[in-house]
Amino acid sequence: MDIRIGNGYDVHALAPGLPLWLGGVRIESGLGCVAHSDGDVAIHALCDAILGALALGDIGKHFPDTSDEFKGIDSKILLARVMELVGEMGWKVGNADLTIAMQKPKLAPYIISMRECLAGIMKVDVSQVSVKATTTEKLGFVGRSEGCEVYASVLMIEQSDHL
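These numbers were taken from a predicted model, which means no experiment stands behind them.

Q: Can you help me understand helix α4 (residues 111-122) in this one?
A: In an α-helix, one turn spans 3.6 residues, which is why side chains three or four residues apart end up on the same side. Between the first and last C-alpha of α4 there are 16 Å, a value that for twelve residues agrees with the 16 Å anticipated at 1.5 Å per step. Among all positions of α4, only Ile111, Met114, Cys117, Leu118, Ala119, Ile121 and Met122 are buried. Close packing links the buried residues of α4 with β2 (20-22), β3 (25-27), α1 (41-53), α3 (75-88), β5 (91-101) and β6 (129-134). Within two residues after α4, Lys123 carries a phi angle of roughly 60 degrees, on the positive side.

Q: When you look at the packing of aromatic side chains in this model, what are you seeing that I'm missing?
A: Note on aromatic pairs: each is described by the distance of the centres and the angle between the planes. Enumeration according to the criterion identifies one aromatic pair in this entry. The interplanar angle of 50 degrees and the centroid separation of 5.0 Å between the aromatic rings of Tyr9 and Tyr151 together place this pair among those described as tilted. Placement of Tyr9 in strand β1 (residues 3-16) and of Tyr151 in strand β7 (residues 147-158) is noted, with a sequence separation of 142 residues between them. On the accessibility criterion, Tyr151 (43% relative accessible area) is partly exposed.

Q: Even after reading the chapter, I still don't get the sheet that holds β7, so can you show me in this structure?
A: One key point about sheets: their strands pair by backbone hydrogen bonds, in either a parallel or an antiparallel sense. Here five strands make up an open sheet; going across it, the order is β4-β1-β7-β5-β6 and the pairing mixed. Every other strand in the sheet has two partners, leaving β4 (31-33) and β6 as the edge strands with one partner each. Averaged over all neighbouring strand pairs, the angle between strand axes comes to 25 degrees, with direction disregarded. Two strands pair when backbone bridges link them, and β1 and β4 are joined in this way by three bridges, in the antiparallel orientation. The residue of β4 that forms the bridge with Leu14 is Cys33.

Q: How should unusual backbone geometry be read in this particular structure?
A: One can expect most non-glycine residues to show negative phi and most peptide bonds to be in trans. The step from Lys104 to Pro105 runs through a cis peptide bond, and the omega angle for that step is 5 degrees. By the element assignment, Pro105 lies in the loop between β5 and α4. Of note, the phi angle at Glu137 is positive, near 55 degrees, even though the residue is not glycine. A positive phi angle is found at Lys138, which is not glycine, with a value near 65 degrees. Exposure remark for Lys138: the relative accessible area of 64% places this residue in the exposed category.

Q: What is the right way to read the pattern of salt bridges from this model?
A: Oppositely charged side chains can pair when the atoms bearing their charge come close. Scanning the entire structure with this criterion turns up four salt bridges. Where Asp2 meets Arg4, a salt bridge forms, and the shortest distance between an N and an O atom there is 3.7 Å. A relative accessible area of 32% means that Arg4 is categorised as partly exposed. A salt bridge links Lys76 to Asp74; the nearest nitrogen and oxygen atoms lie 3.1 Å apart. The partly exposed category is assigned to Asp74, whose relative accessible area is 28%.

Cut-offs used in this document
Residues numbered from 1 in each chain as written. Predicted model: local features only at pLDDT ≥ 70, side-chain atom pairs only at ≥ 80, totals over all residues. Heavy atoms only, no water. Helix = DSSP H or I, 4+ residues; strand = E, 2+ residues; numbered from the N terminus. Expected span 1.5 Å × (residues − 1). Buried < 20%, exposed > 50% of the residue type's maximum accessible area, 1.4 Å probe, protein only. Contact = heavy atoms within 4.5 Å. Phe/Tyr/Trp six-rings, centres within 6.5 Å; stacked < 30°, edge-to-face > 60°. Pairing = 2+ DSSP bridges. Axes fitted to C-alpha atoms, helices over the stretch in contact; angles between N-to-C directions. Salt bridge = Lys/Arg side-chain N within 4 Å of Asp/Glu carboxyl O.

As structure tokens, this is what we get:
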């Protein structure tokens, strides 16, 4: 059995009047992520972690922000496509761990829904997906509510039936 570890990071600016999507869940907020897609910074970091674990580049390589095909796309579709790719290669997610840094709104009420959504797309048990939220104690661009950043780590496992 082969295992690989990947990490991902993504950041998006926040602006008023845009929807806020995190971990596949719509968050009630007066600010949303500025992006070519729906701006789900959590899913973008997760995709990068999965792709990175298998040395497949990053989300921009697979879904360029210069392509009209991905304009406004639901990031859940991007994660599903990443999972199809790694599945075809014989890999599955062992576990995923995400940390969302955002000053406001408080994300605790959404954590379970995010975990369930991500687990469903990755076809793993919800116990294999961790989502945590933190503030930056009002420091930096996150603390000033100018942006949101997410760190993601994954353990990828080669499927024994694919060997």
